[in-house]
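A structural walkthrough
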Amino acid sequence: MNDKLIHIKSEREIELMRKSCKLAANTLKFIEPHVRPGISTEELNTLCHKYILDHDAYPSPLNYHGFPKSICTSVNEVICHGIPSKKVVLKDGDIVNIDVTVFLNKFHGDTNRTFYVGEVAPEIQTLVEITHKCLYLGIEQVRPGAKTGDIGQVIEDYAHDHDYSVVEEYCGHGIGRNFHEEPQIVHFGPAGVGPEMRAGMTFTIEPMVNLGKRHNRVLKDKWTVVTKDKKQSAQFEHTLLVTESGVEILTLPDTPFERQFESELI
Ligand code: MF3
Ligand code: CO
Ligand code: CO
């Protein structure tokens, strides 16, 4: 099959995607109470790894292009792809993004959230809230006939309105039998460009928004992406399904409160 083709999922495939995506969301829900000052990102990794295996799935990041751990943990100025480590111990005032992808019944589900560790400075809380809103503004653009660039435009505009910058080097992506597939979902404009959305497409939106400038570099470990100015970066991610009427967020957890909280935003 041509790798550039955007796969339209069948009803059967969509049902399997719903299951893997729900497990990814439930993993984030499971880890939330553990995100406290004093825990290491290695311990968070071990807990998520066990939870995913206990639910008959495999953590997609583990050994993916050589990634050594089961989740990504990105603290403060780390934008994405932070490697869990015993040496990284969370402290009061930190923010940490936990990115979970699971492989269940041959399908991947991918979601991430930025958590507060203890009391976080108001300026940083605002960055996190605006980034979450950016994700939901992007989700609102999803419907048959829209262009993928429409998502990027609203995200970029809203971030810039708040004097934040948007990371351009890392993108959302199609997902299904492959962790990353077509289409690429950039988090910047212009609107009206890129592939047209069609019912049955599944892809992620995962904006990375920086308090300072957008420029970044990869550490010597070849994975960890950090802001050059060392200011904080936040990120949120959902896996979406394009439906006939618009969009279904696949990575919502089972718990009613969380489902309601998230769906009130759109
Ligand atoms: N889950 C990340 C994403 O949202 C990708 C992580 S790749 C890894 O696309 F190798 F770093 F795990
Ligand atoms: Co992703
Ligand atoms: Co992810």
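These remarks concern the structure in this document.

Each value, and the rule that gives it
- Residues numbered from 1 in each chain as written.
- Chains lettered and ligands numbered in written order.
- Predicted model: local features only at pLDDT ≥ 70, side-chain atom pairs only at ≥ 80, totals over all residues.
- Heavy atoms only, no water.
- Pairing = 2+ DSSP bridges.
- Helix = DSSP H or I, 4+ residues; strand = E, 2+ residues; numbered from the N terminus.
- Axes fitted to C-alpha atoms, helices over the stretch in contact; angles between N-to-C directions.
- Core = buried A, V, L, I, M, F, W, Y, C linked by side-chain atoms within 4.5 Å.
- Buried < 20%, exposed > 50% of the residue type's maximum accessible area, 1.4 Å probe, protein only.
- Contact = heavy atoms within 4.5 Å.
- Donors = N, O, S within 2.8 Å, 3.2 Å for Na, K, Ca; no water.
- Tetrahedral: all angles 85-135°; square planar, octahedral: opposite > 155°, others 65-115°.

Concerning the sheet that holds strand E12 (residues 225-227)
As summarised here, the arrangement of the three strands in space is E3-E12-E11, forming an open sheet in which the pairing is antiparallel. Because the sheet does not close on itself, it has two edges, and the strands there are strand E3 (78-80) and strand E11 (216-218). Strand-to-strand twist across the sheet, computed as the mean angle between neighbouring axes with direction ignored, equals 40°. Where E3 and E12 come together, two bridges link them in antiparallel fashion. Bridge pairing links Val78 to Val226 in E12.

A few points about the nonpolar core
Counting 30 residues, the largest nonpolar core has Ile139, Val142, Ile151, Tyr164, Met197, Phe203 and Ile205 as the members making the most contacts within it. Here this core takes eight residues from helix H3 (residues 122-140), the largest share from any one element. When residues no more than four places from it in sequence are discounted, the contact partners of Ile151 are Gly138, Gln141, Val142, Ile185, Met197, Phe203 and Ile205. Of all hydrophobic cores here, the second largest spans 21 residues; its members include Cys48, Ala57, Phe115 and Val117.

Digging into the coordination of the cobalt ion (ligand 3)
Those protein atoms acting as donors to the cobalt ion (ligand 3) are Asp99 (OD), Asp99 (OD), Asp110 (OD) and Glu237 (OE), and they sit at 2.1 to 2.4 Å. Around the cobalt ion (ligand 3) sit six donor atoms; with metal-centred angles ranging over 58 to 167°, the donor geometry is irregular. Sequence spacing among the residues donating to the cobalt ion (ligand 3) works out to D-x10-D-x126-E. Between the cobalt ion (ligand 3) and the cobalt ion (ligand 2), the interatomic distance is 3.3 Å, and Asp110 donates to each metal, bridging them. Of this pair, Asp99 sits in strand E4 (residues 95-104) while Asp110 sits in strand E5 (residues 107-116), and the two are 11 residues apart along the sequence. The exposure class assigned to Asp110 is buried, which follows from its relative accessible area of 2%.

Read these as spatial facts, not as claims about activity.
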